[in-house]
Amino acid sequence: MTESSRTKWARIAGAERPDAAMRAYRRPNLRMLAEVAAGLSAPQKELPPKYFYDHRGSELFEEITRLPEYYPTRTERALLAAWMPELVPQLGTRALIELGAGSAEKSRIILSAMQEAGTADLYVPIDVSASFLNQTASRLRREYPGLAVEPVVADISEELERPRGLPHPALYAFLGGTIGNFYPPAAIRLLSRVRVAMEARDRLLLGVDLRKDVNRIEAAYNDSQGVTAAFNRNMLLVLNHELGSDFDPSAFEHLAFYEPRTHRIEMHLVPSTAQEVRIPGIGVVSFAAGESMRTEISCKHDRGSVAALFAAAGLRIEIWKPDPDALFALVVGALV
Ligand code: SAH
Ligand code: AVI
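### Thoughts on the overall build of the protein chain
Here comes step 1: If you tally the helices and strands in the protein chain, you get 11 helices and 14 strands.
Here comes step 2: When its C-alpha atoms are laid out on the principal axes, the protein chain stretches across 60 × 45 × 35 Å.
Here comes step 3: By the burial criterion, 56% of the 336 residues in the protein chain qualify as buried.
Here comes step 4: In the protein chain, once contacts between residues fewer than 6 apart in sequence are set aside, the share between residues at least 24 apart is 73%.
Here comes step 5: Split by element, the accessible area of the protein chain, about 13900 Å² in all, is 54% carbon and sulfur.
Here comes step 6: Charged side chains of the protein chain number 39 positive and 42 negative; the gap between the two group centres comes to 5 Å.

### Thoughts on the pattern of salt bridges
Here comes step 1: All chains considered together, the criterion is met by 18 salt bridges.
Here comes step 2: R94 is the salt-bridge partner of D121, the closest N and O atoms lying 2.7 Å from each other. Of this pair, D121 sits in the loop between helix 6 (107-117) and strand 3 (122-127) while R94 sits in the loop between helix 5 (71-91) and strand 2 (95-99), and the two are 27 residues apart along the sequence.
Here comes step 3: What makes D121 partly exposed here is its relative accessible area of 30%.
Here comes step 4: E259 is the salt-bridge partner of R261, the closest N and O atoms lying 3.8 Å from each other.
Here comes step 5: On the basis of relative accessibility, which here comes to 69%, the residue R261 falls in the exposed class.
Here comes step 6: Three or more residues joined by partner-sharing salt bridges are found here, namely E46, R264, E266 and R294.

### A look at the nonpolar core
Here comes step 1: If you look at the biggest cluster of nonpolar residues, it comprises 64 residues, and the most contacted ones within it are M84, I110, L205 and F247.
Here comes step 2: Per element, the largest residue contribution to this core is eight residues, and it comes from helix 5.
Here comes step 3: Beyond its immediate sequence surroundings of up to four residues, L205 is in contact with L80, W83, M84, I110, L171, Y172, A173, F174, L175, L330, V331 and V332.

### Digging into the packing of aromatic side chains
Here comes step 1: Under the defined criterion, the tally for this structure stands at 11 aromatic pairs.
Here comes step 2: Taken together, a centroid distance of 6.1 Å and an interplanar angle of 75 degrees make the contact between Y70 and Y221 edge-to-face. Here Y70 is found in the loop between helix 4 (55-65) and helix 5, whereas its partner Y221 is found in the loop between helix 9 (214-220) and helix 10 (227-243), with 151 residues between them in sequence. Y221 carries the same exposure label as Y70, and that label is buried.
Here comes step 3: Ring pairing ties together the aromatic residues F52, Y53, F61, Y70, Y221 and F231, which thus form one cluster.
Here comes step 4: Directly above the aromatic system of F287 lies the positively charged group of K45, at a separation of 4.9 Å from the ring centroid.

### Structural notes on the environment of L160
Here comes step 1: In this fold, L160 is placed in the loop between strand 5 (152-153) and strand 6 (170-174).
Here comes step 2: Measuring from C-alpha to C-alpha, the distance between L160 and F328 comes to 26 Å, with 168 residues separating the pair along the chain.

### Comments concerning the layout of surface pockets
Empty space left among the atoms is revealed by rolling a probe the size of a water molecule over them.
Here comes step 1: Volume-wise, the largest pocket comes out at about 1000 Å³.
Here comes step 2: If you trace the largest pocket, you find 49 residues lining it, with K50, Y53, T178, N181 and F182 closest to the centre.
Here comes step 3: Residue classes in the lining of the largest pocket are distributed as 22 nonpolar, 13 polar and 14 charged.

Conventions we followed
One numbering rule holds for all chains: residues counted from 1, following each sequence as written. Chains and ligands are labelled by the order in which they are written, letters from A for the one and numbers from 1 for the other. Owing to the predicted nature of the model, reporting of local features is limited to residues with pLDDT of at least 70; listing and counting of side-chain atom pairs is limited to 80 or more, with chain, interface and lining totals taken over all residues. Only hydrogens and water are set aside; all other atoms, that is, all heavy atoms of the structure, feed into the side-chain values. Helix and strand definitions follow DSSP, with helices as H or I runs of at least four residues and strands as E runs of at least two, each counted in order from the N terminus. Whether a residue is buried, partly exposed or exposed follows from its accessible area with a 1.4 Å probe, protein chains only, as a fraction of its type maximum: under 20%, in between, or over 50%, in that order. Only heavy atoms matter for contacts: two residues are in contact if any of them lie within 4.5 Å across the pair. Exposure was quantified through the Shrake-Rupley algorithm and a 1.4 Å probe, taking into account, for residues, occlusion by the shown protein chains and nothing else. For the purpose of counting charges, residues Lys and Arg are taken to be positive, whereas Asp and Glu are taken to be negative. His and the chain ends are not included. The location of each charge is read from NZ of Lys, CZ of Arg, CG of Asp or CD of Glu. A side-chain nitrogen of Lys or Arg and a carboxyl oxygen of Asp or Glu constitute a salt bridge if their distance falls within 4 Å. Among buried residues, the Ala, Val, Leu, Ile, Met, Phe, Trp, Tyr and Cys ones that are joined through side-chain atoms within 4.5 Å form a nonpolar core. Geometry of aromatic contacts follows a simple scheme: Phe, Tyr and Trp rings, the Trp one being its six-membered ring, pair when their centres are within 6.5 Å, and the pair is stacked under 30 degrees between planes, edge-to-face over 60, tilted otherwise. Here, a charge over a ring is recorded when the distance from Lys NZ or Arg CZ to the ring centre is within 6 Å and its angle to the ring normal is within 35 degrees. Using only the protein atoms, space was sampled on a 1 Å grid; points where a 1.4 Å probe fits but cannot get out form cavities, open sets with protein on both sides within 12 Å along at least five of seven lines form pockets, and lining residues are those with an atom within 4 Å of a point. Grid points are joined across faces, edges and corners, and a volume is the space filled by probe spheres set on the points. All residues other than Ala, Val, Leu, Ile, Met, Phe, Trp, Tyr, Cys, Pro, Asp, Glu, Lys and Arg, Gly among them, are scored as polar; the first ten of these are nonpolar and the last four charged.

Structure (structure tokens):
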């Protein structure tokens, strides 16, 4: 990767760098401002879920992964632990490029399998959450001394760049079911970018949360300790910090429900009383009491829905591996 492309990535992402508080007033985050303006003027108010993830948001997500109700992380971890020691040497993976890497807690299973096979050359974790990503990268450098770790701060809904000099075969990993947080057209655009970056020997490893009993899914997004509610409200703190807005997070209730027609969880923030929110650069945005704002979708899949996304992106399912209870699946994708 060139130095200029690194600078570009940093400029694109920018959200929670140490100077952000100062910068919010001197030079607003124009991309965020434009997305927030568009989302809050739509008939159904909506904000992009990538804005959950400042450092605190990333920590709250880590807390979610440990909740008894939140089954996806522990199910995917068990699948990875059982399968990677066999799959990685089969693929001969020399580089792991991970989209939305977060803490890379589960990625260590893949990296350890690469190390065991003697092919652990490069790890490229990509994430919007800049300070959290750098913390992850520092830890991994300590844990895997022979491995080159090249973090990239980037918004994967916009761009994906293939690092220059990438060793092959490379494995593009997109874990956790995060693909579900993208509307299908955006998911197809994202997978198409991965497909364009891939060479014939490379593979995609995708984690998808599966369709199942609605109560089980809804419980995962309405935990009894209120961590998901805090994660949801954190987006308003991110906006206040980045844009200088004056959302009162305590005035908004957390709402999460499954929408069977579209096979997705929707998360909303709903003010119990009318709100007038001032957002510099946008103006005053009014919320009626009970008027919801959608903050996230989390699409649930089956083999057919993944095959359809893959086909639209020029990929095919090479291996489909659900856990024994069919809660979550790992999918290996290859070029068509
Ligand atoms: N892969 C980890 C983390 C999942 S949480 C796991 O499976 O546990 C989703 C991660 O994707 C977060 O770290 C978040 O910061 C990142 N993310 C969300 N939207 C993104 C975007 N548009 N571009 C880059 N990273 C994004
Ligand atoms: C990151 N992503 C896959 C999580 C999900 O389950 O959709 C984010 C999340 N939202 C609420 N809880 C967890």
